[in-house]
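Analysis of the macromolecular model
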Amino acid sequence: MRRAQADFAAALAMLEREDLAAYAKVDMLVEMAMGVQQRPRDPADLGLAVRLYGEALSRAENEPALTQARIRARQATALAQDPQGGIDALQRARDLLQQAIPVLHCEGLAAEWAEAQMNLGLVLQSLAAERVPGVVMGAAIAAYQEALRVFLPAQYPAEYAILQNNLATAYLSMGGELQAGKLREALAVQAFETALAHIRLQDHPREYAMLQNNLGNALQSVLSGHRQENCLRALQAYEEALKVRTVQAAPLERANTLANMGQCLASLRAQDLDFEPIARARDCLAQAEQLFCAHGLPDRATLVAASRMALA
């Protein structure tokens, strides 16, 4: 029996102890669920965390509303993270968060309310991407904007960066007419640049690199007539990301950024530059291919290799 399953069985056995108060049993279940969720040894462990939260919630009927709301919010995060859950798990997570958020707003801490709003935004964004009826990307954007009322850059720089990144990706994923698309692309680029104005490489390197990489991707996709200028700005963003995404520290993230950079270089017009973009593109793609191969992602390596050979 796997360790998490054994822990789950032990938790259920502990619930039979008559010397433990009801609130103590609820606390024990929540702590165990959080431990499994934060350190899963197997993807199925997240399902066990969901079950532990569910057991805690079923035994918390006489506990304060705030306690129940906090359990619902935590169970929702486990459901959203479960790779085996699918759309049903995301819908359950949405419902739990929508139940928890009003209570957290009235009785909880501002930061936990904002975190629940951020998690609701992520769930709604995933559901909207799956075209679930009744779910629109605008609802995810509204949840992110609510969270930004609390997660200000001075006090919560990492959360602020993640929210701006999520807002930008939500804007970019929305379809629509050409003019509306241009506006949303501009809003996405603005969100990345706003976050980067408050995030320093030295203090939050991972968030800084994420934002720079995604800013580069957004600039590549902009529909404005300044494509060459946008691509040159994108290259600068990718170079910033690569300062953090080194071979030693983040090889797969580096491979992704190099692949993005290679595609960007390949789209440039050589006659307007003082360097040969195609040669640099091939070099970036070759490095990305090598990293993907070395870290067990042959399918990604094959795609990058095809792009590189198309430039020959």
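Our subject is the structure that appears above.
Residues numbered from 1 in each chain as written. Predicted model: local features only at pLDDT ≥ 70, side-chain atom pairs only at ≥ 80, totals over all residues. Heavy atoms only, no water.

1. Topic: the overall build of the protein chain
Applied cut-off: Segments assigned H or I by DSSP are reported as helices when at least four residues long, segments assigned E as strands when at least two residues long, and all are numbered from the N terminus. Each accessible area is a Shrake-Rupley estimate made with a 1.4 Å probe; only the visible protein chains count as cover when residues are assessed. This count recognises Lys and Arg as positive and Asp and Glu as negative, with His and chain-terminal groups excluded. To locate a charge, the coordinates of NZ of Lys, CZ of Arg, CG of Asp or CD of Glu are taken.
In terms of helices and strands, the protein chain carries 14 helices and zero strands. Its helices and strands in sequence order give the protein chain the pattern α-α-α-α-α-α-α-α-α-α-α-α-α-α, from N to C terminus. Referenced to the eigenvectors of the C-alpha coordinate spread, the extents of the protein chain come out at roughly 80 × 45 × 40 Å. Surface summary for the protein chain: the accessible area is close to 15900 Å², and the carbon and sulfur share equals 52%. Charge separation in the protein chain, taken as the distance between the mean sites of 29 positive and 35 negative side-chain charges, equals 3 Å.

2. A closer look at helix α8 (residues 157-173)
This is how the line gets drawn: Take the number of residues in a helix, subtract one, and multiply by 1.5 Å to get its expected span. Per-residue accessibility, obtained with a 1.4 Å probe over protein chains only, is compared with the maximum for each type, and a residue is labelled buried under 20%, exposed over 50%, and partly exposed between these values.
Over its 17 residues, α8 runs 24 Å from end to end, which matches the ideal 24 Å to within 8%, given 1.5 Å per residue. By the criterion of burial, α8 is predominantly enclosed, with 12 of the 17 residues buried.

3. Description of the nonpolar core
Note on soluble globular proteins: their nonpolar side chains tend to be buried together. To be explicit about the condition: The nonpolar core is taken to be a set of buried Ala, Val, Leu, Ile, Met, Phe, Trp, Tyr and Cys residues, with the residues joined through side-chain atoms within 4.5 Å.
Core analysis: the biggest nonpolar cluster contains 93 residues, and I71, L97 and L104 have the highest contact counts within it. Considering each element in turn, this core owes the most residues, nine residues, to helix α6 (residues 110-129).

4. Some details on the pattern of salt bridges
To be explicit about the condition: Salt bridges are counted wherever a side-chain nitrogen of Lys or Arg sits within 4 Å of a carboxyl oxygen of Asp or Glu.
Using the criterion set out here, one finds nine salt bridges in the structure. A salt bridge links E239 to R280; its shortest N-O distance comes to 3.5 Å. Separated by 41 residues along the polypeptide, E239 in helix α11 (residues 227-244) and R280 in helix α13 (residues 277-294) bring together distant segments of the chain.

5. Quick notes on unusual backbone geometry
Residues other than glycine seldom take positive phi values, yet R131 does so here, at roughly 60 degrees. Secondary-structure assignment places R131 in the loop between α6 and α7 (137-147).

6. Describing the side chain of E207
Note the threshold: Contact between two residues is taken to exist if any of their heavy atoms lie within 4.5 Å; hydrogens are not considered.
Positionally, E207 belongs in helix α10 (residues 205-221). Among all residues touching E207, those that are not within four sequence positions of it are A158 and A161.

7. Observations regarding the packing of aromatic side chains
The condition that has to hold: Here is the rule: rings of Phe, Tyr and Trp (six-membered ring for Trp) pair when centre to centre is within 6.5 Å. Planes less than 30 degrees apart are stacked, more than 60 are edge-to-face, and the remainder are tilted. Here, a charge over a ring is recorded when the distance from Lys NZ or Arg CZ to the ring centre is within 6 Å and its angle to the ring normal is within 35 degrees.
For the structure on display, the rule yields one aromatic pair. Measuring from ring centre to ring centre gives 5.0 Å for F151 and Y156, while their planes differ by 65 degrees; the resulting arrangement is edge-to-face. Note on F151: relative accessible area 3%, which makes it buried. The ring of F275 carries the charged tip of R280 above its face, separated from the ring centre by 4.7 Å.

8. Considering helix α12 (residues 251-266)
When the terminal C-alpha atoms of α12 are compared, their 22 Å separation across 16 residues agrees well with the 22 Å that a helix rising 1.5 Å per residue should span. Of the residues making up α12, those classed as buried are P251, R254, A255, T257, L258, A259, M261, G262, C264 and L265. Close packing links the buried residues of α12 with α10, α11, α13 and α14 (298-310).

9. Thoughts on the side chain of N213
Cut-off, in case you're wondering: Under this definition, polar contacts are N or O atom pairs within 3.5 Å; protein pairs additionally need one hydrogen-donor-capable and one acceptor-capable atom, and for neighbouring residues in sequence, both atoms have to be side-chain atoms.
Considering the arrangement of structural elements, one finds N213 in helix α10. Here N213 falls in the buried class, since its relative accessible area comes to 6%. At 2.9 Å, the side chain of N213 forms a polar contact with the side chain of T257.

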